[in-house]
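# Reading the structure
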Amino acid sequence: HATISGGGVWCKGSDPQFINCTFVGNSSMAGGAVFVLGTSSPILTNCIVAFSEEGGGLYSNESSSQPTAHCCDIFNNVGGDWAGSTADQSGINGNFELDPLFCDPESGNYGLEASSPCLPANNDCHILMGAPQTGCQ
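Residues numbered from 1 in each chain as written. Predicted model: local features only at pLDDT ≥ 70, side-chain atom pairs only at ≥ 80, totals over all residues. Heavy atoms only, no water.

If you walk across this open sheet you meet the 4 strands as S1-S4-S7-S10, and the pairing is parallel. The sheet terminates laterally at strand S1 (9–12) and strand S10 (82–84), the two strands that pair on one side only. Within this sheet the neighbouring strands show an average axis-to-axis angle of 20°, counted without direction. Pairing geometry for strand S7 (residues 58–60) and S10, over 3 bridges, is parallel. (Pairing = 2+ DSSP bridges. Helix = DSSP H or I, 4+ residues; strand = E, 2+ residues; numbered from the N terminus. Axes fitted to C-alpha atoms, helices over the stretch in contact; angles between N-to-C directions.)

The following block contains the structure:
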């Protein structure tokens, strides 16, 4: 949680890469999970950004700063999945907006149920997205 912006990540004038990351339940006034400004161009690959409680999932405050997503599930973020001036990338580059179907997020188990769209057999990218493990124990 952040009080103003960037509940998970705050990027200014930088181009970080996030690979196989899971951002869940983050919050801030802007950019619940990722906040982008100042000619930043972060790249998210094979990530899950879901259930941000405030501020949107991916948030850019200016058109010159844009996150790019590849094979990511951006889902159910309060304030919007693609928020601020962030271009909606759902349906592009293998991105989608579907419930990732975590095993038991309330107890911290972010493994994926067998029918999760984030498993290689269930998505067009044929890769594991975000979660550190598959299967519910």
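And the narrative resumes.
Scanning all chains against the criterion turns up 4 aromatic pairs. Ring plane angle 15° and centroid distance 5.7 Å describe the contact between Phe35 and Tyr59, whose orientation is recorded as stacked. On the criterion of sequence distance, the pair formed by Phe35 in strand S4 (residues 34–37) and Tyr59 in strand S7 is long-range, its members being 24 residues apart. With relative accessibility at 7%, the residue Phe35 sits in the buried group. (Phe/Tyr/Trp six-rings, centres within 6.5 Å; stacked < 30°, edge-to-face > 60°. Buried < 20%, exposed > 50% of the residue type's maximum accessible area, 1.4 Å probe, protein only.)

Another aspect to go through is unusual backbone geometry. Negative phi is the rule for most residues except glycine; trans is the rule for most peptide bonds. A positive phi angle is found at Cys71, which is not glycine, with a value near 55°. Tracing the backbone through its elements, the reader meets Cys71 in the loop between strand S8 (68–70) and strand S9 (73–75). By relative accessible area, Cys71 is classed as buried at 16%. Even without being glycine, Leu101 reaches a positive phi, approximately 55°. Here Leu101 is to be found in the loop between S10 and strand S11 (102–104).

Pairing geometry for S11 and strand S12 (residues 109–112), over 2 bridges, is antiparallel. Looking across to S12, one finds that Asp104 is bridged to Asn109. The antiparallel pairing of S11 with S12 creates a hairpin that spans 4 residues between the two strands, and Gly108 there sits at a positive phi of about 90°.

The side-chain alternation of S1 yields one buried face, formed by Val9 and Cys11, and one unburied face, formed by Trp10 and Lys12. With 4 bridges connecting them, S1 and S4 associate as parallel partners. The residue of S4 that forms the bridge with Lys12 is Leu37.

Spatial ordering of the open sheet is given by S2-S5-S8, a layout of 3 strands whose pairing is parallel. Each edge of the open sheet carries a strand with a single partner, namely strand S2 (17–19) and S8. Sheet twist, expressed as the mean angle between neighbouring strand axes with direction ignored, is 10°. As paired elements, S2 and strand S5 (residues 43–45) share 3 bridges and run parallel to each other. Bridge pairing links Phe18 to Leu44 in S5.

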